[in-house]
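# Structural overview
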Amino acid sequence: MTTTRLVVVAGIRDMAGNRWLAAYFAAFVVVAQSLFWFGGTGPQVVLSLLNVVLMVVPLVSLVFGAMHVYASREFVELLLAQPVRRRDLFTGLYLGLALPLTAAFVLGAGIPVLMNRGFGANGIAVLALLVAGAGLTFSCVAIATWIALRTDDRLKGIGMALAAWLATSLLYDGAVLAFASAFGDWPIEKPMLAMMVTNPVDLARVLVLAQVDASALMGYTGALFERTFGSALGSLVALGALALWCVGPWFLAARRFDARDF
Amino acid sequence: MVSTRQVGIVGLLGISVVLCVRVAAAQIVVDPRGPVRSITQALEMVKAGGRITVRAGTYREPTLIVRTAGVTLEGEGWPVLDGESQRAVLIVTADDVTIRGLEVARTGVSNIEDRAGIRVRDAAHCRIEHNRLRDNLFGIYLQRALGCVIADNDVTAHGDGQSTSGNGIHLWYSPQTTVERNHIAGQRDGIYFEFSAGGITRHNTSERNQRYGLHFMFSDSCRYEFNTFRANNSGVAVMYSRGITIHHNRFEQSLGGAAYGLLLKEILGGEISENAFSENSTGMYLEGSSHLAVRDNDFVSNGWAAKVLASAVDNTFTGNRFEGNAFDVSTNSRSSNSTFDRNWWDAYKGYDLDRDGVGDTPFYPVRLFALIVEQHQPTLVLLRSPMVAVLDAAERVFPVLTPEALVDKHPLMRSPR
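Let us look at the structure shown here. (Residues numbered from 1 in each chain as written. Chains lettered and ligands numbered in written order. Predicted model: local features only at pLDDT ≥ 70, side-chain atom pairs only at ≥ 80, totals over all residues. Heavy atoms only, no water.)

### With respect to empty space enclosed by the protein
For the structure on display, the rule yields four cavities of 30 Å³ or more. The computed volume of the largest cavity comes to approximately 90 Å³. As for the largest cavity, its lining consists of A:Val69, A:Tyr70, A:Arg73, A:Val76, A:Leu93, A:Ala148, A:Leu149, A:Thr151, A:Asp152, A:Arg260 and A:Phe262. When contributions to the lining of the largest cavity are tallied by element, the ones reaching two or more residues are helix H3 (42–71), helix H4 (73–80) and helix H6 (123–150) of chain A. In terms of residue class, the lining of the largest cavity is made up of seven nonpolar, one polar and three charged. Here the second largest cavity is characterised by a volume of approximately 70 Å³. It is helix H4 (residues 386–397) of chain B that contributes the most residues to the lining of the second largest cavity, three residues altogether. Class assignment of the residues belonging to the lining of the second largest cavity gives a composition of four nonpolar, one polar and four charged. (1 Å grid on protein atoms, 1.4 Å probe; cavity = no way out; pocket = protein on both sides within 12 Å on 5 of 7 lines; lining within 4 Å. Points joined across faces, edges and corners; volume = space filled by probe spheres on them. Helix = DSSP H or I, 4+ residues; strand = E, 2+ residues; numbered from the N terminus. Nonpolar A, V, L, I, M, F, W, Y, C, P; charged D, E, K, R; others polar.)

Spelled out as structure tokens, the structure:
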């Protein structure tokens, strides 16, 4: 555990001076603050931020995450020469990346909301947004780490990270839409919900949606959606699935790290 | 010889004695400690225009029937008239009767008769005010009553389903009724009008009812003002009526696939103005209705702000505010038979170069995604997905599928309120 702690601290120290991370933090502050400046009310700001979160958080976490893993290669090789457990080192590496990114997002989006008293009536919605964004960061960093550990070629690795971003953020929903139009005559509510669970970006979206757009989701005539989105249970399931999307890729990446010949 | 004067005095005395007796008869006090212990007894004694004061206590009597015109039946310290889950409690069959200050409770459920806490049958000009109605099948039931006033009553029940509960205030063939400042909760329909024209319903709160907060059919020329309808299972539904005015009401928190803030079906002519529709699955649902002026309403945080079907003809939407709705307008046709003009839409992204407060480009309130959801409901889970935003944007640039006719050519740049 000491190893993990040391590596995490080293990672955070390294990231603290990173210009890209500072820019990431600043971008959220500027976007959230300008949403308030341009006359946004609480729910509108949450929804506009949701769009940013769904696009930007996976993009930065995946691409920046992959780049960072490639950049830390020599550092890792150096540490592996010491008598440390690989799993501890890996955990430190992962957290040293995921924690600063999450903090940049949560603070960057949260501080303007706090300053403009955006919590108040929309407290749960804002909280859902922050939790969803944080979960998405952890998940995407794990996926990025896994990709970077599998692929030695940096260019190829970053290309794969970009492809993963495009797939999860845009193409996947397009496929779901196509599926729904093609099989619209069949009872597809359950498959649709299952499809939402198998994509972390959709999970994050649904988490926020259940708080902001419950009135619309409950307007669906089937009882399934009402049961899913009208109760806390639905949100808990989504949260659990998002947690699985963090643990799963993390485990894959960790196994890769253990087996890898550096 | 008896003088004329003496006759006069005796006569006067006689008249005053009679008057005294009449006054005494006019004010009957019912008290559990006597002398008059039951309302039944008081109702037998009371003369036309008389007054019965009921002192605090619980009265378990056979169904009470007020047959004498002009009687005032008034409670003091909230006497309870208990139906013991066995029977209807109070029936009025005479004109000009006033019922005030009573707690009428527990008619019990019957599948054979429509038991009511207070029923007015074939009578005119009754006043039913400041009563409490608790756990009755029907609360106040007017049946062929004319020109009655129902005011300041608190009607609550704990019905556990539509089939085992009745309506809070039920009007059947009862024209020109005024229903005001009542609070109704937990009944089947909060306020129900059928064949009851020319009524005024104002300042009522109707909430958490099993079915509709307000439900009327075949009731022309009625006004509904300053009411609040909240969290009713199916919202509010008004049907088959002409010339109605719905003004300054609040329609809130009607959630569910068959729940509507305000459902209008076959309503011909009328005005729907300055109402607030918020947090409903569907704010307003317009079907087969025509010549309605929908103006200056607020549609805020609804799933669908307005569903306007093609069967709704010649309705005009002006000065309305659409803010924070998942969908502003949806419809079932590419043509549009209603007009939207000078509304404020938070989704409008246009500009105003000549600074006249009206956007220079038109606004099409029906999104492509609204059409997709209309056809394939499960796609609703993709709401707010970036992919959907891309599709909507593409459709806005080259409208192919969304109804071009459904357009606001003069969208307001600033919120009117």
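### Thoughts on the interface of chain B and chain A
Between chain B and chain A, the residue contacts involve 28 residues of the former and 35 residues of the latter. Here chain B packs against chain A, burying approximately 2,600 Å² in sum over the two surfaces, 70% of which is carbon and sulfur. A per-residue breakdown of the area chain B buries against chain A is headed by B:Pro378, B:Val381 and B:Arg384, which together make up 25% of the total. Where chain B touches chain A, the interface holds one salt bridge. B:Arg384 is paired through a salt bridge with A:Asp213; the nearest N and O atoms lie 2.6 Å apart. Inspection of the region where chain B meets chain A yields eight residue pairs in polar contact (both at pLDDT 80 or more). With four residues, the single largest contributor to the side of chain B that touches chain A is H4(B). A class-by-class count of the residues in the side of chain B that touches chain A yields 13 nonpolar, eleven polar and four charged. (Contact = heavy atoms within 4.5 Å. Buried area = accessible area lost by both parts, 1.4 Å probe. Salt bridge = Lys/Arg side-chain N within 4 Å of Asp/Glu carboxyl O. Polar contact = N/O pair within 3.5 Å; in protein donor to acceptor, adjacent residues only side chain to side chain.)

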